[in-house]
Amino acid sequence: MNGVGATDIFWWVVLPYVAMTVFVVGHVWRWRYDRFGWDCYSTELLEHRLLKWGAPLFHYGAFAAILGHVMGVLVPISFTQALGIPEEVYRWFSAVGGALAAVVVVVGIAILASRRMLVSRVRATTAKIDYVALVLLLIIVITGVIPTIWLNLLGPGYNYRLTVAPWFRGLFTGSPDVEAMVSAPAVYQIHATAAWVLWAVWPFSRLVHAWSFPLWYLWRPFVVYRSRGIIMPPEPGTAGRRWRKIGGPA
Amino acid sequence: MRVMAQVAMVMNLDKCIGCHTCSVTCKQVWTNRPGLEYVYFNNVETKPGVGYPRRYEDQRQWRGGWKLDRKGRLTLKAGGRLRRLLQMYYNPDLPSIDDYGEPWTYDYRTVIDAPLGTVNPSAHSISTLTGEDMRIRWGSNFDDDLAGGPEHAPDDPDLEGLQERVRMEFEQVFMFYLPRICEHCLNPSCVASCPSGAMYKREEDGIVLVDQNRCRGWRFCVSGCPYKKVYFNYKTGKAEKCTFCFPRIESGQPTICSETCVGRLRYLGLLLYDADAVLAAASTPDPQDLYEAQLSVFLDPEDPHVRAEAARSGIADDWIEAARRSPVHALAVRHRVALPLHPEFRTLPMVWYIPPLSPVADVAHAEGYDPADPDRVFAAIDALRVPVEYLANLFTAGKAETVRLVLRRLAAVRAVMRDVQLGRDPGEEVPRSVGMSPDDIDDLYRLLAIAKYEDRYVIPQVHAEEAGALTAQHQQLFCSLDGEGGPGMGGQGYPPPAGRAAAGEPPMFQGQDGRLHANLLGWDGTGDPSRLFPDAQGEAT
């Protein structure tokens with residue numbers, strides 16, 4: 001690997017693997033020791049006029065963005081070429097689709113972020129880790145929207161499928177192409193780095209609620225019966241934190 | 001037939017004086033925590049009034065409870081399952097905290113620290129949500145005793161459909177109190193609304209609970225409950241609700257609201273019901289038939305066949321016996337004087353209300369009827385449209401005849417007992433006119449007027465015999481020898497029981513009270529246990 005320094009190794013190899021480890025171990029820890037805190041901490045009770053627009057826009061926009069990342073990053077360029085999709089068609093499809101999703105996500109997160117910072121009732125129920133996650137999300141969204149709209153939709157275009165995507169897939173096969181990632185524009189590098197930090201923060205923030213989407217509700221019986229059962233005393237050391245102290249007067 | 005037992009409550013509204021003791025003790029026990037300042041698992045509303053949260057009874061606005069779809073199948077009023085999941089990020093039917101009342105405290109420090117001689121130092125109100133100054137606009141029970149009545153009471157959803165409005169003049173006003181807790185419904189729409197499956201109805205006693213470790217804060221239970229008796233803790237992000245004081249119920253004690261009720265108006269007891277009949281009863285097409293349909297799912301514990309089925313379903317003997325003595329079964333099913341609150345929500349609620357006769361009698365008095373004469377009160381009950389139809393909107397989905405019959409039964413008890421008191425022969429005319437026998441009247445009189453603590457609260461203890469075994473197993477995870485001074489902690493082991501006596505005699509030891517006690521742990525169980533019993537001087541011989 002010529003021209004790859006220790007710093008590059010840190011950012012494009014060490015950081016992703018550390019983040020992945022923290023992500024997995026963190027979730028196991030959180031589930032075992034703080035299942036009570038595994039929650040979405042909704043603030044709809046306190047403020048609903050802004051949430052009505054912000055939350056659905058952000059969540060559905062984020063789903064579209066995730067789908068776009070799966071198509072653009074996880075699916076190799078050779079696969080779409082084998083299907084006979086020309087590079088030009090893919091580019092315009094991803095640029096237009098991505099731009100649409102980007103607009104929805106940006107409007108959604110703008111509403112949600114301003115609500116969280118400006119509405120005092122909402123601010124009072126916000127933990128420090130939530131601000132960290134929010135700032136990271138803002139960085140990720142901004143650095144994701146800029147290349148999608150300015151570079152790919154309005155500008156000359158940049159084929160991230162030849163640099164960023166192989167590096168990302170390489171992380172999972174154990175041979176990340178660091179050189180390719182080093183050559184990518186800075187905006188992609190910031191985007192990827194912030195994303196890795198977010199994965200590391202994820203298990204400790206309210207973002208864990210994403211894994212609790214209750215799809216099971218679609219086919220479970222309406223009324224749930226449960227036997228009284230045996231209430232076990234908590235194992236030593238697993239009680240975890242029970243009540244968060246957040247905002248408001250004591 | 002699948003027999004299940006349900007702990008249920010009856011409240012006699014005639015006896016409620018609106019003192020809020022139940023609300024206060026409930027608050028102290030269950031919701032005296034940050035995030036729940038605005039929450040009252042038990043609250044007492046003045047009727048007519050808007051309730052708590054504001055106008056919760058209007059399901060066109062809140063869309064709680066169940067409805068029948070076009071094919072007559074039971075479905076959630078707020079929409080199907082897929083619709084729930086698509087609305088995860090914004091629940092359009094969720095009340096705002098302002099509908100309950102923003103919680104506040106006062107800046108007491110300005111009063112405490114006011115320099116001597118300050119004229120009337122005053123503490124201003126501070127929001128407990130934000131810590132900022134606030135103006136108090138609304139809170140739970142702001143229309144207590146019809147405060148602001150002319151302004152608020154006409155917003156009562158139960159007054160809809162009544163041509164003449166309840167008159168708000170002081171002399172003629174029709175008013176009573178309605179204490180409310182969770183209904184612990186047979187067909188709970190909150191449980192059906194919970195996407196996480198965190199809410200459940202207990203198989204043993206029918207109490208509806210939220211598993212706090214499973215709740216993810218999706219908050220559909222809050223909007224799904226038509227009584228708005230599931231609340232959102234905005235600090236923990238979890239739903240919390242009335243637990244029917246299950247730790248007390250499990251040990252055979254009444255709920256804290258019942259225990260502390262000054263008017264002694266609450267009754268607790270078991271009802272046996274056929275779980276297989278619940279869905280059909282809740283799907284009854286005409287809402288006005290729901291009351292009768294709900295009664296039809298209850299089983300008569302006097303019927304030997306029912307008792308055999310109950311035993312087969314795993315209900316313990318002492319529970320079946322308790323169901324036979326249940327005051328709730330007597331009042332709601334046998335005498336039919338207790339009615340469910342808003343049966344039209346189709347949840348089959350299990351907190352029942354004896355509608356108040358007193359305000360009707362008061363209005364009758366104001367209208368010139370003689371309340372002492374039962375015939376006149378009967379006539380008044382028939383003539384007074386507004387109070388009866390208002391009560392019907394609350395308890396029978398608008399079917400006035402049912403409420404009228406209950407009120408006439410209550411009036412008949414009073415009339416008969418007045419005759420007994422005055423040494424006159426009450427005859428069988430009055431009881432028969434309300435479809436009861438003199439014995440029924442006597443039974444009802446004893447239940448309503450005399451019933452002592454043991455008669456009002458017939459609560460069998462939980463069967464937790466097998467729990468001990470598992471607890472012991474659990475404790476084995478932590479070696480009992482690892483206690484302080486035990487061999488596992490490097491000690492010499494526990495000392496042998498002190499004062500080990502000869503075989504056949506329980507060993508004695510001196511207790512902290514200075515007296516000799518028998519140590520049964522060290523006794524081999526043979527021989528004469530006479531030393532177990534102290535002599536008259538209080539010393540063991």
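Remember, predicted model here, so these are calculated numbers, not experimental data.

**So, the overall build of chain B**
Tallying secondary structure elements over chain B gives 23 helices and 17 strands in all. The burial tally for chain B puts 45% of its 541 residues in the buried class. Long-range pairs, those at least 24 residues apart, make up 64% of the contacts in chain B between residues at least 6 apart in sequence.

**Description of the overall build of chain A**
Along its length, chain A carries 9 helices and 1 strand. Its helices and strands taken in sequence order, chain A reads α-α-α-α-α-α-α-α-α-β from the N to the C terminus. C-alpha atoms of chain A, sized along the principal axes, occupy 60 × 40 × 40 Å. Considering chain A as a whole, with its 250 residues, one finds that 27% of them fall into the buried category.

**Details of unusual backbone geometry**
All names here are of chain B. Across the junction of Lys-47 and Pro-48, the peptide omega takes the value 0°, indicating a cis bond. Looking at the secondary structure, you find Pro-48 in the loop between strand S2 (43–47) and helix H2 (59–62). Note that the residue after Tyr-52, namely Pro-53, is joined by a cis bond; omega there is -5°. Residue placement: Pro-53 occurs in the loop between S2 and H2. The backbone of Asn-141 shows a phi angle near 70°, a positive value even though the residue is not glycine.

**Thoughts on helix H21 (residues 438–450) of chain B**
All names here are of chain B. Compared with the 18 Å implied by 1.5 Å per residue over 13 residues, the 17 Å span of H21 between its first and last C-alpha is a close match. When H21 is considered as a whole, its buried residues turn out to be Ile-441, Leu-444, Leu-447 and Leu-448. With its buried residues spanning 130° around the axis, H21 presents them on a single face. The outward face of H21, more than 90 degrees from its buried face, is lined by the exposed residues Asp-439, Ala-449 and Ile-450. Elements that come into contact with the buried residues of H21 comprise strand S1 (3–12), helix H15 (327–334), helix H19 (400–421) and helix H20 (429–433).

**Quick notes on the interface of chain A and chain B**
Residue-level contacts link 42 residues of chain A with 46 residues of chain B. Of all the secondary-structure elements, those providing two or more residues to the side of chain A that touches chain B are helix H2 (51–74), helix H5 (120–124) and strand S1 (225–226) of chain A. Sort the elements by how many residues they give to the side of chain A that touches chain B and H2 of chain A lands first, with 5 residues. Of the residues that constitute the side of chain A that touches chain B, the class distribution is 24 nonpolar, 9 polar and 9 charged. As defined by bridge partners, S1 of chain A adjoins strand S8 (residues 199–202) of chain B across 2 bridges and the pair is classed as parallel. Across the sheet, the residue bridging to Tyr-225 of chain A is Lys-201 of chain B, located in S8 of chain B.

**Remarks on the sheet that holds strand S9 (residues 208–210) of chain B**
Spatial ordering of the open sheet is given by S1(A)-S8(B)-S9(B), a layout of 3 strands whose pairing is mixed. Looking at strand neighbours, the two that pair on one side only are S1 of chain A together with S9 of chain B, the edges of this open sheet.

**Comments concerning the UniProt feature "transmembrane region" (unreviewed entry) in chain A**
Residues annotated in UniProt with the feature "transmembrane region" (unreviewed entry) correspond here to residues 12–29, 57–77, 89–112, 132–153 and 196–219 of chain A. Helix and strand shares over residues 89–112 of chain A are 100% and 0% respectively, and the end C-alpha atoms of the span are 34 Å apart.

**Focus on the pairing of strand S10 (residues 230–233) of chain B**
Residues and elements named next belong to chain B. Burial along S10 is two-sided: the face carrying Val-230 and Phe-232 and the face carrying Tyr-231 and Asn-233 are both buried. Pairing of S10 with strand S11 (residues 238–241) involves 4 bridges; the strand directions are antiparallel. The partner of Asn-233 across the bridge, within S11, is Lys-238. Once S10 ends, the chain turns through 4 residues before running back antiparallel as S11, passing Gly-237 with a positive phi of about 70°.

**Describing the environment of Ser-433 of chain B**
All names here are of chain B. Along the chain, the position of Ser-433 falls in helix H20. Owing to 15 C-beta atoms within 10 Å, Ser-433 belongs among the partly exposed residues under this scheme. For the pair Ser-433 and Arg-409, spaced 24 residues apart in the sequence, the C-alpha separation amounts to 8.9 Å.

**A few points about the nonpolar core**
In terms of nonpolar packing, the biggest core is built from 144 residues, with Val-10, Leu-272, Val-328, Leu-331 and Trp-352 of chain B touching the most fellow members. In terms of residues, this core owes the most to one element, H19 of chain B, which gives 9 residues. Trp-352 of chain B has contacts with Ala-8, Met-9, Val-10, Val-328, Ala-332, Ala-338, Leu-339 and Pro-340 of chain B, leaving out every residue within four places of it along the chain. Of all hydrophobic cores here, the second largest spans 35 residues; its members include Val-141, Val-164, Leu-198 and Val-208 of chain A.

**A word on the confidence of the model for chain A**
Close reading of the predicted structure is inappropriate where its pLDDT is low. Residues and elements named next belong to chain A. Chain-level statistics for chain A give a pLDDT mean of 89 and a share of 90% at 70 or above. Note that pLDDT drops below 50 for residues 233–238; the model gives that stretch 4 contacts with residues more than four away or on any other chain. With pLDDT under 50 throughout, residues 240–250 is counted as low confidence; its partners more than four residues away or in other chains account for 27 contacts.

**Structural notes on the packing of helix H1 (residues 6–33) of chain A against helix H9 (residues 186–201) of chain A**
Residue and element names in this part refer to chain A. Orientation of H1 relative to H9, taken along the N-to-C sense of each, is 25°, at an axis distance of 7 Å. If you check the angle between H1 and H9, you find them roughly parallel. Considering only the axes of H1 and H9, their crossing is left-handed. The residues of H9 that touch H1, namely those facing Trp-11, Leu-15, Pro-16, Ala-19, Met-20, Val-22 and Phe-23, are Thr-193, Trp-196, Val-197, Trp-199 and Ala-200. Its residues assigned to classes, the contact of H1 with H9 comprises 11 nonpolar, 1 polar and no charged.

**Side note on H15 of chain B**
Residue and element names in this part refer to chain B. Of all the 8 residues making up H15, 7 are buried; the element is thus mostly covered by neighbouring parts of the structure. Of the positions making up H15, those classed as buried are Pro-327, Val-328, His-329, Ala-330, Leu-331, Ala-332 and Val-333. Backbone geometry just after H15 places Arg-336 at a positive phi near 55°.

**Considering the packing of helix H6 (residues 128–153) of chain A against H9 of chain A**
Residue and element names in this part refer to chain A. Where H6 meets H9, the closest approach of the two axes is 9 Å, and the angle between their N-to-C directions is 155°. With respect to each other, H6 and H9 are oriented roughly antiparallel. The handedness of the crossing between H6 and H9 comes out as left-handed. Contact residues: Ile-129, Val-132, Ala-133, Leu-136, Leu-137, Ile-139, Ile-140, Thr-143, Gly-144, Ile-146 and Pro-147 in H6; Val-187, Tyr-188, Ile-190, His-191, Ala-194, Ala-195, Val-197, Leu-198 and Val-201 in H9.

**Section: the pairing of strand S15 (residues 351–354) of chain B**
The side chains of a regular strand alternate, first on one face of the sheet and then on the other. Residues and elements named next belong to chain B. With burial as the criterion, each face of S15 is covered, one bearing Val-351 and Tyr-353 and the other bearing Trp-352 and Ile-354. Inspection of the sheet shows S1 paired to S15 by 4 bridges, in the parallel sense. Its bridge partner lying in S15, Met-9 is registered against Val-351. Two elements, strand S14 (residues 339–340) and S15, share 2 bridges in a ladder whose sense is antiparallel. Residue pairing for S15: Pro-340 is matched across the bridge by Trp-352.

**Observations regarding the sheet that holds S1 of chain B**
Residues and elements named next belong to chain B. Strand order in the open sheet made by the 5 strands is S13-S12-S1-S15-S14, with mixed pairing throughout. Of all strands in the sheet, those bounded by a partner on one side alone are strand S13 (298–299) and S14. Packed onto the sheet, helix H13 (residues 304–312) meets S1, strand S12 (266–274) and S13 and runs at close to 115° relative to S1.

**Side note on the UniProt feature "domain: NarG-like" (unreviewed entry) in chain A**
Following the UniProt record, one finds the feature "domain: NarG-like" (unreviewed entry) at residues 9–228 of chain A. A distance of 55 Å separates the end C-alpha atoms of residues 9–228 of chain A, which is 68% helix and 1% strand.

**So, the environment of Val-224 of chain A**
Relative to the elements of secondary structure, Val-224 of chain A occurs in the loop between H9 and S1. Judged by local crowding, Val-224 of chain A falls into the partly exposed class, with 18 C-beta atoms found within 10 Å. For the pair Val-224 of chain A and Gly-170 of chain A, spaced 54 residues apart in sequence, the C-alpha to C-alpha distance is 45 Å. In contact with Val-224 of chain A, other than residues within four places in its own chain, are Val-191, Gly-197, Met-199, Tyr-200 and Lys-201 of chain B.

Conventions and cut-offs
- Residues numbered from 1 in each chain as written.
- Chains lettered and ligands numbered in written order.
- Predicted model: local features only at pLDDT ≥ 70, side-chain atom pairs only at ≥ 80, totals over all residues.
- Helix = DSSP H or I, 4+ residues; strand = E, 2+ residues; numbered from the N terminus.
- Buried ≥ 20, exposed ≤ 12 C-beta atoms within 10 Å, placed from the backbone.
- Contact = placed C-beta atoms within 7 Å.
- Expected span 1.5 Å × (residues − 1).
- Arc of directions from axis to C-beta.
- Nonpolar A, V, L, I, M, F, W, Y, C, P; charged D, E, K, R; others polar.
- Pairing = 2+ DSSP bridges.
- UniProt positions renumbered as here; feature names shortened; annotations may be inferred.
- Core = buried A, V, L, I, M, F, W, Y, C linked by C-beta atoms within 7 Å.
- pLDDT = per-residue confidence, 0-100.
- Axes fitted to C-alpha atoms, helices over the stretch in contact; angles between N-to-C directions.
- Parallel < 35°, antiparallel > 145°, perpendicular 65-115°, else oblique.
- Left-handed = near helix turned anticlockwise from the far one by under 90°.

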